Amino acid sequence: MPLTCSPDWDKMPPDPDNEGTTTSSLTQSLNSKQSTQPAPTAIVTGGSQGLGRTIGEHLVDEGYRVISTDLHDGGLPRFDGSSTDVGLSWLELDVTNHAQVRDVFDQISQQCGGIDAVVANAGIQRHRALVDLSWEEWSAVIDVNLHGVFSTIQAAGRNMLATGGGSIVAISSVSARGSAGRAPYSTSKAAIIGLVSTAAGEWAAQGVRVNAVAPGYIDTGVLRDGVAAGTLDMDVIMNRIPANRLAQPTEIAQTVGFLLSQQSSYITGQTLYIDGGFMIDYGIPLAKKPD
Ligand SMILES: NC(=O)c1ccc[n+]([C@@H]2O[C@H](COP(=O)([O-])OP(=O)(O)OC[C@H]3O[C@@H](n4cnc5c(N)ncnc54)[C@H](O)[C@@H]3O)[C@@H](O)[C@H]2O)c1
């Protein structure tokens, strides 16, 4: 495994795939958290570039020790389990590998004295009309955007429940309500909303909050690449957004930071649209101005 220190498996939270083998201790974990963790710990999946990178950098500004778990490092230093400093580092992790997600989250929790905040951000897209979509294209998107988010939320929740609480935010999208040419993406982003609400209900009494944000079109490399490739038309996008501009990644990151913080301590199970009015139902415009 990628971490520098050996995990103490005796302190791991219950394994839902193998119930009955746990020896975790809430008191032990809380004591460990208080004595060894000056900075709260946050994990951002897919945090080495794009929106996840901006979220990670914002959380560093908020005083977190942030670990990007991603397929690539994005130039970030490798996570050193012995460091307690505020900053942004990276660990290799493929969110489609359920067992690996569980193991890496358990090890980070062990090394950092718990996990305070998690952002399930890793996501991919495939553009194809529904009638032409291959099983491979469908499965690739569902594997990362839905199965990966399930693995992330479950691994985060298990650790937070064992160490006294925490906050999780998953990245959905306005595409959750349907999106032409993006059937698996839309389906995965809609499913996230149900998953977040369910996790929030199951864990609210134990101090674990789970929310989602659903961004509209963000000014990121992915969007610019889509425009350059001709799969997205910037004029069409702008005409559809009442605010008449794209979201800046920092606008999404600030909202994620709020939902992870104590400022939102009574908010759980919600999906917050950050979309410049994209989801407003305009109704039918008047044919002419009234006299
Ligand atoms: N860009 C937008 O306009 C927009 C709008 C709404 C929602 N979103 C959502 O925001 C999130 C980030 O999007 P982005 O635009 O920054 O995309 P991006 O492609 O720039 O970044 C995605 C990151 O996820 C990582 N990743 C991909 N598959 C992974 C896997 N199996 N395991 C771990 N990491 C993996 C990538 O390596 C990459 O670093 C996604 O969930 C996306 O659906 C984006």
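Data block above holds the structure.
Reference entry: report on the structure contained in this document. Counting restarts for each chain: residues are numbered from 1 in the order of the written sequence. Only residues with pLDDT of 70 or above have their local features reported here, since the model is predicted, and side-chain atom pairs are shown and tallied only from 80 upward, although totals for entire chains, interfaces and linings are computed over all residues.

**Considering the site of the ligand**
Note the threshold: Only the C-beta atom matters for this test: placed from the backbone, it must lie within 6 Å of a molecule or strand for the residue to be near it. Counting from the N terminus, the helices are DSSP H or I runs at least four residues long and the strands are E runs at least two residues long.
Surveying the vicinity of the ligand reveals 29 residues, the closest of which are Gly46, Gly50, Leu51, Gly123 and Ile218. Contributing elements (two or more residues each) for the shell around the ligand: α2 (50-61), α4 (135-163) and α6 (221-229).

**Looking at the pairing of strand β6 (residues 208-215)**
As a reminder, the rule being used: Labels follow a simple rule on C-beta atoms placed from the backbone: if 20 or more others lie within 10 Å of a residue's own, it is buried; if 12 or fewer, it is exposed; otherwise it is partly exposed. At least two DSSP bridges between two strands are required for those strands to pair. Seen with its strands pointing away from the viewer, a crossover is right-handed when the path leading from the first strand over the helix to the second is clockwise.
β6 sits mainly inside the fold: eight of its eight residues count as buried. Residues Val208, Val210, Ala212 and Ala214 point to one face of β6 and Arg209, Asn211, Val213 and Pro215 to the other, with burial holding for every one of them. Across six bridges, the pairing between strand β5 (residues 166-171) and β6 is parallel. Bridge pairing links Ser167 to Arg209 in β6. Each parallel crossover has a hand, and for β5 linked through helix α5 (residues 183-203) to β6 it is right-handed.

**Describing the sheet that holds strand β4 (residues 117-120)**
Stated formally: Lines are fitted to the C-alpha atoms to define the axes, a helix being fitted only along its stretch in contact, and any angle between axes, read from their N-to-C directions, falls within 0 to 180 degrees. Residue pairs qualify as contacts under a 7 Å threshold applied to their C-beta atoms, which are placed from the backbone.
Spatially, seven strands are ordered β3-β2-β1-β4-β5-β6-β7 in an open sheet, and the strand pairing comes out parallel. A strand with exactly one partner marks an edge of an open sheet, and here the two such strands are β3 (87-92) and β7 (271-274). Strand-to-strand twist across the sheet, computed as the mean angle between neighbouring axes with direction ignored, equals 20 degrees. Of the strands in this sheet, β1 (41-45), β2 (65-70), β3 and β4 touch α2, which is tilted by about 165 degrees from β2.

**Looking at the nonpolar core**
Here is the rule: Here a nonpolar core is just a set of buried residues of the types Ala, Val, Leu, Ile, Met, Phe, Trp, Tyr and Cys, joined wherever their C-beta atoms sit within 7 Å.
If you look at the biggest cluster of nonpolar residues, it comprises 60 residues, and the most contacted ones within it are Val118, Ile153, Val169, Ala170 and Val256. With eight residues, the single largest contributor to this core is α5. Those residues in contact with Val169 that lie beyond four places of it in its chain are Val119, Asn211, Ala212, Val213, Val256, Leu259 and Leu260.

**Some remarks on the packing of helix α3 (residues 98-112) against α4**
Which entries qualify depends on this criterion: Under this scheme an angle from 65 to 115 degrees is roughly perpendicular, one under 35 degrees roughly parallel, and one over 145 degrees roughly antiparallel; angles in between are oblique. Crossing chirality is assigned from the near helix's rotation relative to the far helix, an anticlockwise turn below a right angle marking it left-handed and a clockwise turn marking it right-handed.
Where α3 contacts α4, the two axes come as close as 9 Å, and the packing angle between them is 30 degrees. In terms of orientation, α3 lies roughly parallel with respect to α4. Relative to α4, the crossing made by α3 is right-handed. The segment α3 lies against α4, with His98, Val101, Arg102, Phe105, Asp106 and Ser109 engaging Ser151, Thr152, Ala155, Ala156, Asn159 and Thr163.

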